[in-house]
Amino acid sequence: MSKLVWDTTGERYYETGVKKGVLYPQSSTGTYPKGVAWNGLTAVTESPSGAESNPIYADDIKYVDLRSAEEFGATIEAYTYPDEFAACDGSAEIADGVTIGQQTRKAFGLSYRTVLGNDTEFEDHGYKLHLIYNATASPTEKGYQTINDSPEAITFSWEVTTTAIPVAGYKPTAILTIDSTKANAAKLKALEDILYGTDEAEARLPLPDEVATLMKTTS
């Protein structure tokens, strides 16, 4: 047994940043076969909801506390977005350079990376990979303003909802996170080759069961 110690050197952790965003439009079969880099990504705010308490009473006492289903949502903010996201944002091209809005919104997946820091290695300590599945985006407001002596770039923002997908042995989910400080480095590199692509293969988003199998592989 040992006495608890707080704020030990090297254990003052924090998380920051968002980078290496990749968009994966969903195919008609529910897979994500081709990823594209999302330049200009400035923020992803994860917003779980649900899991609300629903107490049941019997014999004049609280008998059990049931919880509602939990859902995952997010807000994506960016200065720009890939052309492939237009279909996810309800747009369709009817001629070269001509698009229309208010179309069916295509589902997509998203991956992005955040930095794990501590008090000794700072931002070099590690990172987390976040994988989002089966997401759809709500319309974004676009506020155009005249250029003046203090110009600002337009920031786009989308509210995102998700529908959870199956995971063997667990409840369905729409979010998966990998911690580089805990995962096997070689397996993580193999996963990133899938997520970001290589000279031989397109970037794609593997489903949770494939990720689990890859990260558990002993060979």
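Look up a bit, the structure's there.
Computed from a predicted structure; not experimentally measured.

J.: Help me understand a negative patch on the surface, please; the structure alone is not making it clear to me.
T.: Taken together, the side chains of Asp-83, Glu-84, Glu-93 and Asp-96 present a region of like negative charge at the surface. In this fold, Asp-83 is placed in the loop between strand E6 (70-78) and strand E7 (92-95). With a relative accessible area of 69%, Asp-83 lands in the exposed category.

J.: How do you make sense of the environment of Val-22 when you look at a structure like this?
T.: Within the secondary structure, Val-22 sits in strand E1 (residues 14-25). Taking the C-alpha atoms as reference, Val-22 lies 8.0 Å from Leu-195; in sequence the two are 173 residues apart.

J.: Honestly, the nonpolar core in this entry has me stumped. Any pointers?
T.: What tends to happen in soluble globular proteins is that the nonpolar side chains get buried as a cluster. Counting 21 residues, the largest nonpolar core has Trp-38, Ile-76, Phe-85, Phe-108 and Trp-158 as the members making the most contacts within it. Put simply, the parts of the chain that give this core at least two residues each are strand E3 (41-50), E6, strand E9 (108-118), strand E10 (122-137) and strand E11 (156-162). The element contributing the most residues to this core is E6, with 4 residues. With 16 residues, the next largest nonpolar core counts Tyr-32, Tyr-133, Leu-176 and Val-211 among its residues.

J.: Sorry, what's going on with the pattern of salt bridges here?
T.: Applying the stated criterion to the full structure yields 7 salt bridges. A salt bridge links Lys-62 to Asp-65; the nearest nitrogen and oxygen atoms lie 3.9 Å apart. Classification of Lys-62 by relative accessible area gives partly exposed; the value is 46%. Two residues, Asp-89 and Arg-105, come together in a salt bridge whose shortest N-O distance is 2.9 Å. In this pair, Asp-89 sits in the loop between E6 and E7 while Arg-105 sits in the loop between strand E8 (98-100) and E9, placing the two residues 16 residues apart along the sequence. Arg-105 sits in the partly exposed class, given a relative accessible area of 28%.

J.: What exactly am I supposed to notice about the side chain of Asn-118 here?
T.: Here Asn-118 shows up in strand E9. Taking relative accessible area as the criterion, Asn-118 reaches 2% and is therefore assigned buried. Only 3.2 Å separates the side chain of Asn-118 from the backbone nitrogen of Thr-120, close enough to count as a polar contact. Of the polar contacts made by the side chain of Asn-118, one reaches the backbone nitrogen of Glu-121; its length is 2.7 Å.

J.: What exactly am I supposed to notice about helix H2 (residues 208-216) here?
T.: Owing to its 3.6 residues per turn, the α-helix aligns residues three or four sequence positions apart on the same side. Of all the residues in H2, the buried ones are Pro-208, Val-211 and Met-215. Projected down its long axis, H2 carries its buried residues within an arc of 60°, all on one side. What points out from H2, more than 90 degrees from its buried face, is the exposed set Thr-213 and Lys-216. Against E10, strand E12 (165-167), strand E14 (175-179) and helix H1 (185-196) lie the buried residues of H2.

The rules we used
- Every residue gets a number counted from 1 within its own chain, in the order that chain's sequence is written.
- Restriction of local features to residues with pLDDT of at least 70 applies here, the model being predicted, together with a cutoff of 80 or more for giving and counting side-chain atom pairs; totals for whole chains, interfaces and linings are based on all residues.
- To get the side-chain values, all heavy atoms of the structure are used, and hydrogens and water are removed first.
- Patch rule: a residue counts if its relative accessible area is over 30% and it has no salt bridge; like charges are joined within 9 Å, and nonpolar side chains (Val, Leu, Ile, Met, Phe, Trp, Tyr) within 5 Å.
- For accessible areas, the Shrake-Rupley method is used with a probe of radius 1.4 Å. Any residue's cover is judged against the shown protein chains and nothing else.
- In what follows, salt bridge is the name for a side-chain nitrogen of Lys or Arg lying within 4 Å of a carboxyl oxygen of Asp or Glu.
- Charged residues are defined narrowly, with Lys and Arg counted positive, Asp and Glu counted negative, and His plus the chain ends left uncounted.
- A charge is said to be at NZ when it belongs to Lys, at CZ for Arg, at CG for Asp and at CD for Glu.
- For helices the rule is a DSSP run of H or I covering at least 4 residues; for strands it is a run of E covering at least 2, with both sets numbered from the N terminus onward.
- Classification of residues uses two cut-offs on accessible area relative to the type maximum, computed with a 1.4 Å probe and protein chains only: under 20% is buried, over 50% is exposed, and between them is partly exposed.
- Nonpolar core, defined: a set of buried Ala, Val, Leu, Ile, Met, Phe, Trp, Tyr and Cys residues in which side-chain atoms within 4.5 Å join the residues together.
- Think of a polar contact as two N or O atoms within 3.5 Å of one another; within protein, one of them needs to be a possible hydrogen donor and the other a possible acceptor, and neighboring residues in sequence only count if both atoms come from side chains.
- As used here, the arc is the angular range of directions from the helix axis to the C-beta atoms.
- Whether two residues are in contact is decided by their heavy atoms: any pair within 4.5 Å suffices.

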